[in-house]
Amino acid sequence: MKPVKTLIRSPRLVVVGVYLLVFGLGLSLSWHIYNLGQHVRATTTLLSREQLPLLKEISNLKNNITRIEPMLYEYYATVNREIYLQRTEENAASIERSWSIIRPKFEKRTTSDDAQSSSGEFDAKLVEFESSYSNIKQIAGQLDKVLDAPRIDWDEARTRLMGLSRESQHIEALLDQFVDIVQSDVFTAGNRADSGLNDIVGIVAAYSLTIFFGALLVGVAINSRRKAERRLVEQARHDTVTGLPNRLKFEEMISKNPGKPFGLMLLGVDQFKRVLGGLGLNAGDQLLQVVADRIHLAMLNSGYTDYTLFRFEGVEFGLVIAATNSNELLTEKCMIVHAAMEAPFVVEQREMFVAMNCGVSFYPRDSSDGRTIVRNAGAAMQASRVQSRHRICLYDEAMNTLALDRLSLENDLRRAIEKDELLLHYQPQVSLATGEVIGVEALLRWQRNGQMVSPAMFIPHAEVSGLIIPIGYWVLQQACLQAKAWQQKGLQPLVVAVNISPRQFLQDDFVGTVQTVLQQTAMPPELLELEITEGAAVQDVEQAIATLIALKKLGVNLSIDDFGTGYSSLSYLKRFSVDKLKIDQSFVRQMGESEQDAAIVTVVVELGHQLGLTVIAEGVETVDQLNHLVALGCDEIQGYYFSRPISAEQLEQKLTEGLRMDFESI
């Protein structure tokens, strides 16, 4: 008690004692704070210099691994070994470079104190990856031998492709495990950093009254460090181009809300490689940004805000609609997004149109696993690519079987030319002024194993797979040869119209291909008419104009097919060097029942004549339709009313007998 009383009586001693106590505590706490700060610094340095770059490198490796299968399918479809070998060599070099970076990092991890207990497991995974990659290279080599053989064994090739698909799924699963390992390290390091930072903040808060200015400086430094660490973690969860949350954030959302239902719309930008090839990477990034902005705007304008937009790999966006299992709701939202894409985009001062494929799956209805949900939506999106309009498809389990059927159909279609299963039918086109047959349209048919397959069944698959390029060349060549054969037999010269697919039209060498066919067949260019769909012509207006001008210089005729169903405006139409407009049959068939369709036909006829173009109506099946078109002043017609598509021999016989339209009998 006596020392205490002495201190109370002597304020100076109290001040000195308190000062010495505060000073001693300050030194001790400062040292503690310094050690914690070093720990935080070491943790964030590890994040920024090792773990996040490693995560990025694994992502690059996975992208390169997943490219192997599409390259082999393209090789299978085109049998172009030179391009395949060039791309394979480049891709293999990228894989080896990435693996040379990744493997030492994981080997270093297995020797650390934190990973001693699981080092054998990691070593096994590394060896398993290298073994799986070796299997893929072996299968690719075997497939190369099969496709490079003088006589290709297509069944063996398909077997190799199926084996490759299984091995690819296995190696992608391994890479996903590597990502999970690094992601776990990232989250663990972040938690450690947070723990250390919280300790520092607590110490500084408790001691702030005695070392105010020092605590202030330390607090500023801590806050800055904490923001930097959080920014690094957030960068790993967001796309750098669009700023949208990425696949990692999507899977984190599911893990934080297990079982909470939602619908996933997987949206894929179509023909994106054409933008990259024509305008470059910067233009591609800009297009992705404006596409994301337009999706956001479309959803907000529809009055719906309970959604999250993600950007997944490549050109895929994931639109999550919360708390729903409604097919109708997601179909409605897909339609809204499609409608928003109809207006042109301006990228690098060029107008272009973007189409989107939409695949829909539901969590947890279709699967309780995040990766499977995305994969299911991807399967639905691929199925939607064969649809001609709106491109929306809901996932169901039958799609796995449909995918195999689709592969079988594409394989048979690949061999259709070799097996001489493709043939052309011809539908006459009649002048309404004279009644004479002035041309024919060449229409593709396929006898698959002796049975006729509807063009609506196989042409979309040919377009998606790329087989439309060799098939389209065959159609153009055969139509020109047939027209030349009719001329040599003394028949009246007929203009032969050939449909050109969007994928053909957008090929860089398309004009050269047409020129080559004309030279090989000695076909007079003025007797060839190329029908370009309205949608293909406006995907890239400037490129379309340049291509149409070049085709006109060859002397061929050009027409816009299915006019009225796409995006054309009068400003575009005036710039297109075309000779004819073809009214889509959907409008012609409904003229007598729909005033709106009748008005569209009337406007197209008047518009075509004002621009100095010939107007032809397809799908004419009744005398009422014919009389209506005659009254409107339509120039030409084709359809079942006059003649169904028939073989070249049947048409030749009818032309010899004087086939023409008899207006007096109508």
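In this text the structure is predicted, and so the values were computed from the model without any measurement. (Residues numbered from 1 in each chain as written. Predicted model: local features only at pLDDT ≥ 70, side-chain atom pairs only at ≥ 80, totals over all residues. Heavy atoms only, no water.)

The next thing to look at is the side chain of K580. Considering the arrangement of structural elements, one finds K580 in strand β14 (residues 580-583). On the accessibility criterion, K580 (8% relative accessible area) is buried. Beyond its immediate sequence surroundings of up to four residues, K580 is in contact with Q429, E529, L558, S559, I560, T614, I616 and E636. (Helix = DSSP H or I, 4+ residues; strand = E, 2+ residues; numbered from the N terminus. Buried < 20%, exposed > 50% of the residue type's maximum accessible area, 1.4 Å probe, protein only. Contact = heavy atoms within 4.5 Å.)

Now for the nonpolar core. In globular proteins that are soluble, nonpolar side chains generally tend to be buried together. With 83 residues, the main nonpolar core has L528, L530, F576 and L629 as its most contacted residues. By residue number, the principal contributor to this core is helix α14 (residues 468-488), which donates nine residues. Those residues in contact with L528, other than ones at most four positions away along the chain, are L476, C480, V495, V496, V498, V514, L518, M523, V556 and N557. If you look at the next biggest cluster of nonpolar residues, it comprises 37 residues, including L61, I95, I136 and A157. (Core = buried A, V, L, I, M, F, W, Y, C linked by side-chain atoms within 4.5 Å.)

This paragraph deals with helix α13 (residues 455-465). Those residues of α13 that sit buried are F458, H461, A462 and E463. G466 sits one or two positions beyond α13 and adopts a positive phi of about 95°.

Any pair of aromatic rings gets described here by the distance separating the centres and the angle formed by the planes. Overall, the coordinates contain 10 aromatic pairs when judged by the stated rule. Judged by centre distance (6.5 Å) and plane angle (15°), the rings of F129 and Y133 are stacked. Of this pair, F129 and Y133 both sit in helix α4 (residues 119-148), four residues apart, roughly one helical turn. Taking the relative accessible area as the measure of exposure, F129 reaches 1% and is therefore buried. (Phe/Tyr/Trp six-rings, centres within 6.5 Å; stacked < 30°, edge-to-face > 60°.)

Next up on the list: unusual backbone geometry. At the junction of Y363 and P364, the peptide bond is cis and its omega measures out at -5° in the coordinates. Topologically, P364 is positioned in the loop between β6 (356-363) and α11 (370-384). For A323, which is not glycine, the phi dihedral falls at a positive 50°. Topologically, A323 is positioned in the loop between β3 (316-322) and α10 (327-340). The exposure class of A323 is exposed, given its relative accessible area of 55%. For D420, which is not glycine, the phi torsion reads 60° and is therefore positive. Relative to the assigned elements, D420 resides in the loop between α12 (399-414) and β8 (422-431).

Everything listed here is a matter of coordinates, which is why it stays silent on function.
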